[in-house]
Amino acid sequence: MPTLRALECLIAVLDSGSVTEAAARLHLSQPGLSHQIASLERELGTPLLERLPRGVRATAAGRAIAADARAAVAAAERVVAGGRAVASGATGELRIACADSMSASLLAPVLRVWHRRRPEVRLTLSEVSSADAMAEMVAIGTADLALGPRPSRWAGHLVVIGNEEIVAALPDDAGKPPAAMTLADIAERPVVHYHPDNGLSAWLDEVAASRGVVLTAATRTRQATTAAQLAAAGLGTALVPTSALTATFPGAVRSLRPPLTREVVCLTSTPGDPLVRRFLTDLHRRGVPVPSPIAAQLTARE
């Protein structure tokens, strides 16, 4: 198969009409360029250039393949330019999986900055309610990276973004609950719990069992953000990660005693990819912030 270098040499000779000028343009020796042309002619089984007393011109075969040769070289140049643009973080596609409770508070600010600074990078987001489902997406290649709690199984590259607190969300008029609540306190109340599809469901039940209590579900939901809003509406107490709470959360928030936290991690199977590496850096730099009004509630009652 013809090499791109040979095609590039042919185009240079056709454009200049001279082997000497074409060799100088390509920074090749004249014998080196002639060797490329001869190799191409052997590959095609026909002469491509007619040697004249002064210069050269294309044969019928040379004219016939000139357009395709130019298209092939141009396509290769686009491949190189595109690869360099991706390597510089200027363009490309990044597929992100994220725990649904974290997409607004942790991920959205980073996405907003990327959209402004790298408008040619296409970002796609898939929200999931299970850390293991998130890890599976990265493992099978349907996501380039994933942000969420640490999954139960993951052998690939992992970056710890930070830790987030699990807190009790309840109505603002909940009868002045204590500054910090134990799981025993919460077990005495109706609980806005999680659907089994959400990894929080089994994890919270395991934590409660380890502390000798059982959480009684008054209602269940798949999303932590919904659980917080249902708790604020008076349907029960919800155990939610702080990432699920907005700055305008209408209910009350209490810390747990002893504190309950979970790691927030980012997973990827391609840590060397330029876009993935830059995005991981930005996520790690931002960390796991807590909305100021929520932090104020927690701090005021310590």
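Residues numbered from 1 in each chain as written. Predicted model: local features only at pLDDT ≥ 70, side-chain atom pairs only at ≥ 80, totals over all residues. Heavy atoms only, no water.

### Some words on a positive patch on the surface
Next, step 1: Among the surface-exposed residues, Arg112, Arg116, Arg117 and Arg286 lie close enough to one another that they form a single positively charged patch.
Next, step 2: Among the elements that take part in the positive patch, helix H5 (residues 103–117) stands out by supplying three residues, more than any other.
Next, step 3: Structurally, the position occupied by arginine 286 is in helix H10 (residues 274–286). (Patch = residues over 30% accessible without salt bridge, like charges linked within 9 Å, V, L, I, M, F, W, Y side chains within 5 Å. Areas by Shrake-Rupley, 256 points an atom, 1.4 Å probe, with all protein chains shown as cover. Salt bridge = Lys/Arg side-chain N within 4 Å of Asp/Glu carboxyl O. Lys, Arg positive; Asp, Glu negative; His and termini not counted. Charge placed at Lys NZ, Arg CZ, Asp CG, Glu CD. Helix = DSSP H or I, 4+ residues; strand = E, 2+ residues; numbered from the N terminus.)

### As for helix H1 (residues 4–16)
Next, step 1: For H1, with 13 residues, the first-to-last C-alpha span of 18 Å sits near the 18 Å given by 1.5 Å per residue.
Next, step 2: A positive backbone phi angle near 70° is found at glycine 17, which sits one or two residues after H1. (Expected span 1.5 Å × (residues − 1).)

### With respect to the packing of aromatic side chains
Aromatic rings considered in pairs are described by the distance between their centres and by the relative angle of their planes.
Next, step 1: Across all of its chains, the model carries one aromatic pair by this definition.
Next, step 2: Geometry around tryptophan 114 places arginine 118 over its ring, the cationic atom sitting 4.2 Å from the centre. (Phe/Tyr/Trp six-rings, centres within 6.5 Å; stacked < 30°, edge-to-face > 60°. Lys NZ or Arg CZ within 6 Å of the ring centre and 35° of its normal.)

### Some details on the UniProt feature "domain: HTH lysR-type" (unreviewed entry) in the chain
Next, step 1: UniProt feature "domain: HTH lysR-type" (unreviewed entry): in the numbering of this structure it lies at residues 2–59.
Next, step 2: The span residues 2–59 shows a helical share of 60% and a strand share of 10%, and its end C-alpha atoms are spaced 18 Å apart. (UniProt positions renumbered as here; feature names shortened; annotations may be inferred.)

### Quick word on the state of the cysteines
Next, step 1: Following the criterion strictly, the structure yields zero disulfides and no others.
Next, step 2: In this model cysteine 266 remains outside any disulfide bridge; the closest cysteine sulfur is found in cysteine 98, 8.8 Å from its own.
Next, step 3: For cysteine 266, a relative accessible area of 0% translates into the label buried. (Disulfide = S-S within 2.5 Å. Buried < 20%, exposed > 50% of the residue type's maximum accessible area, 1.4 Å probe, protein only.)

### Structural notes on the nonpolar core
One recurring pattern in soluble globular proteins is that nonpolar side chains are buried together.
Next, step 1: Grouped together as the largest cluster of nonpolar side chains are 32 residues, with contacts concentrated most on Leu183, Ile186, Leu204, Leu239, Val240 and Leu256.
Next, step 2: When contributions to this core are tallied by element, the ones reaching two or more residues are strand S6 (157–170), helix H7 (183–187), strand S8 (191–194), helix H8 (199–210), helix H9 (224–232), strand S10 (237–241) and strand S11 (252–256).
Next, step 3: What isoleucine 186 contacts, discounting residues up to four positions off in sequence, is Ala168, Met181, Val191, Leu215, Thr237, Leu239 and Leu256.
Next, step 4: Counting residues in hydrophobic clusters, the runner-up holds 23 residues, among them Val159, Ile161, Cys266 and Leu280. (Core = buried A, V, L, I, M, F, W, Y, C linked by side-chain atoms within 4.5 Å. Contact = heavy atoms within 4.5 Å.)

### Regarding the environment of alanine 231
Next, step 1: Mapping alanine 231 onto the fold places it in helix H9.
Next, step 2: Between the C-alpha atom of alanine 231 and that of alanine 252, which follows or precedes it by 21 residues, the distance is 9.1 Å.
Next, step 3: Alanine 231 has contacts with Ala169, Leu170, Pro171, Val192, Gly236, Thr237 and Ala238, leaving out every residue within four places of it along the chain.

### Let's talk about helix H3 (residues 30–44)
Next, step 1: When the terminal C-alpha atoms of H3 are compared, their 21 Å separation across 15 residues agrees well with the 21 Å that a helix rising 1.5 Å per residue should span.
Next, step 2: Those residues of H3 lying buried are Leu33, Ile37, Leu40 and Glu41. Projected down its long axis, H3 shows its buried positions confined to an angular sector of 100°, all on one face. For H3, exposure combined with an orientation more than 90 degrees from the buried face picks out Pro31 and Arg42.
Next, step 3: Against H1, helix H2 (19–25) and strand S1 (49–51) lie the buried residues of H3.
Next, step 4: Looking at where H3 begins, the residue whose side-chain oxygen comes 3.0 Å from the main-chain nitrogen of glycine 32 is serine 29.
Next, step 5: Backbone geometry just after H3 places glycine 45 at a positive phi near 75°. (Arc of directions from axis to C-beta. Polar contact = N/O pair within 3.5 Å; in protein donor to acceptor, adjacent residues only side chain to side chain.)

### Notes on the environment of valine 160
Next, step 1: By the secondary structure assignment, valine 160 is in strand S6.
Next, step 2: Residues valine 160 and leucine 147, spaced 13 residues apart in sequence, show a C-alpha to C-alpha distance of 9.7 Å.
Next, step 3: Excluding anything up to four places from it in sequence, valine 160 contacts Arg150, Glu263, Val264, Val265 and His284.

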